[in-house]
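Report on the structure
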Amino acid sequence: AKRAGRGQYRFFDPSLNRVDMEEFQLEQALGDALRLGQIRLHFQPLVRVGSMSLAGYEALARWQHPQFGLIYPDRFIPIAERSGFILALGREVLRLACRELAQWPPERTLAVNVSPMELGQADFAERVLAELAQQGLDPARLELEITETSVLERQQLAIQQLCRLKAAGVGISLDDFGKGYAGFAHLQALPLTRLKIERSLIAQLSNSHDDSLIVSSTITLAKRLALQVVAEGVETAEQLVYLKLAGCDFAQGYHLGRPMPAEQLAEFEQAFSTM
Ligand code: C2E
Ligand code: CA
Ligand code: CA
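Residues numbered from 1 in each chain as written. Chains lettered and ligands numbered in written order. Predicted model: local features only at pLDDT ≥ 70, side-chain atom pairs only at ≥ 80, totals over all residues. Heavy atoms only, no water.

- Going by what an unreviewed UniProt entry lists, the protein is known as GGDEF-domain containing protein and is assigned to Zobellella taiwanensis.

Structure, rendered in structure tokens:
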């Protein structure tokens, strides 16, 4: 079955196979999800490697579906991106994120993932700043995570918006660094504050000399560009030790804390501070 382009309506096609059928159902249900408040955020801790102190969290979207249960973003973000729902979803995520952040101590930061299509919207930066202002938040407490593909489309507009946000104090992280291809060229073209090293590179750390070299060189390069470095997908104490020696600034991963609903944060912080 052919996929319809962005924002086009699709009608049910009886020749769809099972997977497409499920996708079709999810796409239809996404509109309801937004209207009925079925999108939730989970928060994954971000830790300063040097002092082993908590810096903040990354917001990760979840869809609490009445029949299918908790659906993870790898299932619904691609569908949302193809159907154009990602714009409404992104607004909802930003709203929920800022509302939550406003309830935290002022030293906590929150990172939010941004889809390429959102950055191509001419009013994106303005909306982010308005949302921060509405919640009375210091823009420096928000970090936006973008990917290399974010700026391939409508590059000028995307970079313009990011510049405006960065000038206002919002942090800009390049997510999944090391996964893509054109890597290094983008580092200088984009107004970044942070680099997040893709978790597959971190996963390889202690068992392959090559990847250790790639990770340590990436950290060195980021430092030369005055960028902070985050390692994602840290699953072992060994990886954390390596990252500390290599001068990595922040770490995130199951070893430090899994994504969790807001209700669990107080208990997590309590346990973390006595670790
Ligand atoms: P991401 O931005 O790379 O987020 C990190 C993903 O890795 C999360 O999966 C997280 O649960 C998982 N993870 C964290 N620590 C570990 C670890 O130690 N080991 C392993 N194996 N995995 C770890 P999640 O929550 O399923 O999110 C998947 C992707 O969905 C995210 O990847 C992000 O690209 C996208 N996404 C999530 N929320 C949003 C959102 O609100 N907006 C947009 N546009 N994309 C989102
Ligand atoms: Ca991310
Ligand atoms: Ca990532």
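From this point on, the discussion continues.
Digging into the packing of aromatic side chains
- Tallying each qualifying case throughout the model produces 4 aromatic pairs.
- Here Phe-43 and Trp-104 contribute two aromatic rings whose centre-to-centre distance is 5.4 Å and whose plane-to-plane angle is 75 degrees, an arrangement assigned as edge-to-face. In this pair, Phe-43 sits in strand 1 (residues 39–48) while Trp-104 sits in the loop between helix 3 (86–101) and strand 4 (109–113), placing the two residues 61 residues apart along the sequence.
- Classification of Phe-43 by relative accessible area gives buried; the value is 3%.
- Overall, the relative accessible area of 12% leaves Trp-104 in the buried class.
- One aromatic cluster is present, formed by Phe-43, Tyr-57 and Trp-104 through successive ring pairs. (Phe/Tyr/Trp six-rings, centres within 6.5 Å; stacked < 30°, edge-to-face > 60°. Helix = DSSP H or I, 4+ residues; strand = E, 2+ residues; numbered from the N terminus. Buried < 20%, exposed > 50% of the residue type's maximum accessible area, 1.4 Å probe, protein only.)

Some words on the pattern of salt bridges
- In the structure shown here, the tally under the stated rule is 9 salt bridges.
- Note that Arg-82 and Glu-23 form a salt bridge whose closest N and O atoms lie 2.7 Å from each other. With Arg-82 in helix 2 (residues 73–83) and Glu-23 in helix 1 (residues 18–35), this residue pair connects regions lying 59 residues apart in the sequence.
- When its relative accessible area of 10% is taken as the criterion, Glu-23 is described as buried.
- A salt bridge links Arg-108 to Glu-269, with the shortest nitrogen-to-oxygen separation between them at 2.8 Å. Remark: Glu-269 occurs in helix 11 (residues 265–273) and Arg-108 occurs in the loop between helix 3 and strand 4; sequence separation between them is 161 residues.
- Taking the relative accessible area as the measure of exposure, Arg-108 reaches 11% and is therefore buried. (Salt bridge = Lys/Arg side-chain N within 4 Å of Asp/Glu carboxyl O.)

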